Structures are given as structure tokens and as C-alpha cells.
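Working through the structure, step by step
Here is what each chain is made of, one letter per residue.
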Amino acid sequence: MRFRAKIVDLACLNHFSRIINTIAKLTKTCILRLTVCKLYFILSDKVANGGASMWCELCQGNFFDEFQMEGVAAEHNEIYLELLPENLSRALKTAQNAKAVKIKLTNKHCPCLRVAVELPSLSSSSRIVTHDIPVGVIPRRMWNDFREPSVPDFDVSIYLPVLKTMKSVVERMKNLSNFIVIEANLSGEMNLKIETDLVSITTHFKDLGNPPWASEDGCQNSAQGRDLENMVEVCIDIKKLQQLLAGQQVNPTKALCNIVCKRVVHFILLHEEVSLQYFIPAIA
């Protein structure tokens, strides 16, 4: 089992660093899945047990100048590592104007991801700053716990308003309640609501648009014969939503959410070569 990679391009390095920062804001620990073409950052708290889950996917070719890996076996050419994204985020903070960053899986006293940051110096030799980040190697028998979550059979899918606007609304509401209701319909309308004994506040968004989900089997496209104005709602933990919005350092080109009435809300944020999915279960 071997892995080594190198980033030389500064724009790619900074972009990668922002993605890791976003992930570190969403979760304390996650699984890093390495394949020949892609990297995945996975959080699979079981939604059924009230935990949020995350699936972030990036193409390695868009970030790394060199990328070599050998998985656990020829027919299972993948590596699954458990790590604290905050540690990786901290290591990359030292690399803001680096000449190159090398990442390598090593095993000195325990398995580590070694991040070697080559910094420019005034003399002819570079300075190298090395960070060893402890990781846990996930055995093959547990890989099935970290498969891509299936997109739920949602009742409404809608594009999100500008995330910065949504973030400031949610931050103000967070001081008044622990729960927020997201409701939306198939006419591009979405409301964010909180209701307590003392106060009831609703923010309305209009003309957001609904994604044209082309569905082969017709199950996601059950909009025919449904009232387009009809609101579908889900009540979730406001802190989990605020975490998602506050952590966004990758400005998505497309952001949408799918709502399964009173069960779960599924966010999808897309940015060129990165996709982030985040599931927040309803509060019972």
C-alpha cells in the first residue's frame, strides 16, 4: 500500500487548502478514500441516528502534478484512511506561498500522512517544513460502510439562494432557536422559518428555480399532477445548517437542496471539479 502526491501550482494548492478548510469546519474526523483518479472525503454518521453525513469528491488531476498510489490489492486498488481534517488544514496553512507540497503515506511509529512543504528561501537551498499527520488505515472488510450515499427520493428539489445571504439569515435566527424549518415548492419558492413561544420569523426567497432532474425511471419526476405551489418542509438542527454555510470557502457555481418531507434535507454544492453533498436529518 503506497501513496505519494505533489502539488506545484500555487492556485491549485490554495484551492485544495480551501476545500480542506471547509471539510474541517464540517467534521472533526473523516475518511479519506484514495483511488487512482479521485479523492473522497467521507463522513458517514448514520443519518438515521441523527447525525449529518458528507460526501466530497475531487478529481486528483485538477490539483496534483504528480499522483501515485497502490491500493491494498490489485483488484481493490484503493486506500481508506481515517484522519482529523483540522490537522491537514493546519499543515496546509504553512504552504500559502510554497514552491511545492508533497504528501506521502509513511509508517514510522504509526501510519502517517507526511506533508512536506517546500518554502522559498533567500539562499539557493529551499526550506522544508514537514508535518506528520497520524492516520488510521481502514481495513478492507469495513469499506462498505463508506459507500456513496444514495440520493433520497425527494419531494422537492430547488436551487439555493446566494449562500452569503442565507448564511446571514441563519446566523441571526440561530440566536433565537435551536431548530429551523426549511420549506420549498416546485415554483422556485423557499422559506426559512423559526417558531418559538415568543417569536415567529420567516424569510421568503422567490424565483430560485427548480433543477430539471431528468429521470429515466420517472420516480424523481413525480411533479406531474402535483400542486406546484405546495410547500414541503423539514425541521433540522440550525447549528448543522449554520456549520455548512459558515464553512463554505469554495464558492459553488451551483448549490441546490433536495427535501424529503419531514425526513432529511440533502445539499449539493458544485464547483467545477469538486462536488460536496451534505445530508442533515430531520428533528423528530
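Everything in this summary refers to the structure shown in the same document. (Residues numbered from 1 in each chain as written. Predicted model: local features only at pLDDT ≥ 70, side-chain atom pairs only at ≥ 80, totals over all residues. Heavy atoms only, no water.)

1. Some thoughts on the packing of helix α1 (residues 10-26) against helix α2 (residues 85-93)
Using the following cut-off: Here the axes come from fitting lines to C-alpha atoms, over the contacting stretch only for helices, and the angles between their N-to-C directions go from 0 to 180 degrees. Starting at the N terminus, helices and strands are each numbered in turn, a helix being any DSSP run of H or I of at least four residues and a strand any DSSP run of E of at least two. Here the word oblique covers every angle except those under 35 degrees (roughly parallel), over 145 (roughly antiparallel) and from 65 to 115 (roughly perpendicular). In this scheme the handedness of a crossing depends on how the near helix is turned from the far one: anticlockwise by less than a right angle means left-handed, clockwise means right-handed. The contact criterion used throughout is that any non-hydrogen atoms of two residues lie within 4.5 Å. Residue polarity follows a fixed list, in which Ala, Val, Leu, Ile, Met, Phe, Trp, Tyr, Cys and Pro are nonpolar, Asp, Glu, Lys and Arg are charged, and the others, Gly among them, are polar.
Where α1 contacts α2, the axes come no closer than 8 Å and their chain directions differ by 150 degrees. Classed by the angle they form, the pair α1 and α2 counts as roughly antiparallel. The two elements α1 and α2 meet at a crossing, and its hand is left-handed. Contacts from Leu 13, Phe 16, Ser 17, Ile 20, Asn 21, Ile 23 and Ala 24 of α1 reach α2 at Pro 85, Glu 86, Leu 88, Ser 89, Leu 92 and Lys 93. Considered class by class, the residues forming the contact of α1 with α2 number eight nonpolar, three polar and two charged.

2. Concerning the pattern of salt bridges
To keep things clear, this is the line we draw: We define a salt bridge as a contact between a side-chain nitrogen of Lys or Arg and a carboxyl oxygen of Asp or Glu at a distance within 4 Å.
This model, assessed by the stated rule, comprises eight salt bridges. Between Lys 99 and Glu 118 there is a salt bridge, with its nearest N and O atoms 3.9 Å apart. Here Glu 118 lies in strand β8 (residues 111-119) and Lys 99 lies in the loop between α2 and β7 (100-107), a separation of 19 residues in the sequence. Notably, a salt bridge pairs Asp 237 with Lys 240, separated by 4.0 Å at the nearest N-O pair.

3. Re the sheet that holds β7
Rules: Strand pairing requires that DSSP identify at least two bridges connecting the strands.
Spatially, β5-β1-β7-β8-β9 is the arrangement adopted by the five strands of the open sheet, whose pairing is antiparallel. Each edge of the sheet is formed by a strand with only one pairing partner; in this case those strands are β5 (66-70) and β9 (127-134). Here the strands of the sheet are splayed against their neighbours by 15 degrees on average, with no regard to which way each runs. Pairing geometry for strand β1 (residues 2-7) and β5, over five bridges, is antiparallel. Within β5, the position partnered with Arg 4 by the bridge is Gln 68. Along the sheet, α2 contacts β7, β8 and β9; its crossing angle with β9, the most-contacted strand, is approximately 175 degrees.

What is shown is where atoms sit, not what they do.
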